[in-house]
Amino acid sequence: MTTMAEPVWEVGAELGEGPVWVARDRALWFTDIKGRRIHRFDPANGERTGWDAPGMPGFALPAARGGFVVGMADGLHRFDPADGSFAMLAAVEPDLPGNRLNDAVVDRAGRLWFGTMDNGETDASGMLYRLQADGVPRAMGGECVITNGPAVSPEGTILYHVDTLARVIYAFALDADGALSDRRVFATIDPADGHPDGVSMDAEGHVWVGLYGGWSARRYAPDGTLVETVRFPLANVTKVAFGGPDLRTAFATTAKQGLSAEALAAQPLAGALFAFPVAVPGLEGREVSVGI
């Protein structure tokens, strides 16, 4: 099945990423990593708001104690939209100044999972992390150049992790205590179809992935079978999130990073926020409650 996404905000993000529906706010939040911005979109009234970030924000996820946890190059920060302030929570990889934080998810237990990557996109210095109860990030494996995802299955027993340059989506067994085991290949992307970027889950346990350079987002069944493709009028689709009162609206971030002047002229909507309806709703979002 193939559908087409439509723009809802021509924000022009250099590298739009990390879309997340925040239920308490009834709005879609996302970042522009290279533009150093955090954005909020209210689909009910069309309100659009943005904040400058002091670094490159890979993600902004709601915290149970209020505000957001934002991942930037030097580590995890608390962000307060009321005054636009940022405060350091935990340093991450201070010995790797060329790395930055890229993508994240909150699991059913309120634990934050996130990945790091080489900002130059050449060295295999990226790693998957879990924030522990003591507030210290713990390396969990998944070494690669560009980490993406992670995403957690509806029952909380599978964690999906993306090695973007290898074009592979991996699945791990996720234990109740947060341990990972039994890594397996869930899906591979043909070079002609772009690179797998961010992943997210719907209520049926299907995996949605944005394809950077692939002009589309895809939906994979739990057994790895491709079941749906959503086309975009631009090449770089980064990640899908589900929102709205019934979680049946899919929002997708995109990017104009790396496009030539000729490509940008042919893709005027590059960097816009898109939306499309879905038959199967997404999962209810979680707030970070462990370690902060």
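Summarised in this report is the structure supplied together with it. (Residues numbered from 1 in each chain as written. Predicted model: local features only at pLDDT ≥ 70, side-chain atom pairs only at ≥ 80, totals over all residues. Heavy atoms only, no water.)

So, on to the nonpolar core. By size, the foremost hydrophobic cluster in this structure holds 29 residues, and its most contacted members are Trp29, Phe59, Leu61, Val69, Leu76, Leu112 and Phe114. At the level of elements, strand E3 (16-22), strand E4 (27-32), strand E7 (59-62), strand E8 (68-72), strand E9 (75-80), strand E11 (99-106), strand E12 (112-118) and strand E13 (126-131) are the ones that each hand at least two residues to this core. For this core, the leading source of residues is E8, giving four residues. Core analysis: the second largest hydrophobic core is formed by 16 residues, Trp208, Ala217, Leu234 and Phe274 among them. (Core = buried A, V, L, I, M, F, W, Y, C linked by side-chain atoms within 4.5 Å. Buried < 20%, exposed > 50% of the residue type's maximum accessible area, 1.4 Å probe, protein only. Helix = DSSP H or I, 4+ residues; strand = E, 2+ residues; numbered from the N terminus.)

With omega at -5°, the peptide bond leading from Gly149 into Pro150 counts as cis. Tracing the backbone shows Pro150 in strand E15 (residues 147-152). A positive phi angle is found at Asp182, which is not glycine, with a value near 55°. One can find Asp182 in strand E18 (residues 180-188).

What follows concerns the sheet that holds E18. Taken in spatial order, the four strands of this open sheet run E15-E16-E17-E18, and their pairing is antiparallel. At either end of the open sheet lies a strand with only one pairing partner, and these are E15 and E18. Going from strand to strand, the sheet's axes swing by 25° on average, the running direction of each strand aside. Across six bridges, the pairing between strand E16 (residues 158-163) and strand E17 (residues 168-174) is antiparallel. Residue Val162 lies in a different strand from E17, and its bridge partner there is Ile169. (Pairing = 2+ DSSP bridges. Axes fitted to C-alpha atoms, helices over the stretch in contact; angles between N-to-C directions.)

Turning to the packing of aromatic side chains, a few remarks are in order. Applying the stated criterion to the full structure yields 17 aromatic pairs. Measuring from ring centre to ring centre gives 6.3 Å for Trp9 and Phe41, while their planes differ by 35°; the resulting arrangement is tilted. Here the residue Trp9 occupies a position in strand E2 (residues 6-9), and Phe41 occupies one in strand E5 (residues 37-41), the gap between them amounting to 32 residues. Taking the relative accessible area as the measure of exposure, Phe41 reaches 5% and is therefore buried. Geometrically, the ring pair formed by Trp208 and Phe242 is edge-to-face, given 6.0 Å between the ring centres and 70° between the ring planes. Here Trp208 is found in strand E20 (residues 207-212), whereas its partner Phe242 is found in strand E23 (residues 237-243), with 34 residues between them in sequence. Phe242 shares its class with Trp208; the two are buried. Following the ring pairs from residue to residue traces out a cluster consisting of Trp9, Trp21, Phe30, Phe41 and Phe251. Of note, Arg24 hangs over the ring of Phe68, and the distance from its end group to the ring centre comes to 5.5 Å. Here the guanidinium or amino end of Arg183 rests over the ring plane of Tyr170, the centre of that ring lying 4.0 Å away. (Phe/Tyr/Trp six-rings, centres within 6.5 Å; stacked < 30°, edge-to-face > 60°. Lys NZ or Arg CZ within 6 Å of the ring centre and 35° of its normal.)

We now examine the pattern of salt bridges. According to the stated counting rule, one finds 10 salt bridges in the structure shown. In this structure, Arg40 and Asp25 form a salt bridge, with 2.6 Å as the shortest nitrogen-oxygen distance. Here Arg40 is found in strand E5, whereas its partner Asp25 is found in the loop between E3 and E4, with 15 residues between them in sequence. For the salt bridge of Asp103 with Lys239, the shortest nitrogen-to-oxygen distance reads 2.9 Å. (Salt bridge = Lys/Arg side-chain N within 4 Å of Asp/Glu carboxyl O.)

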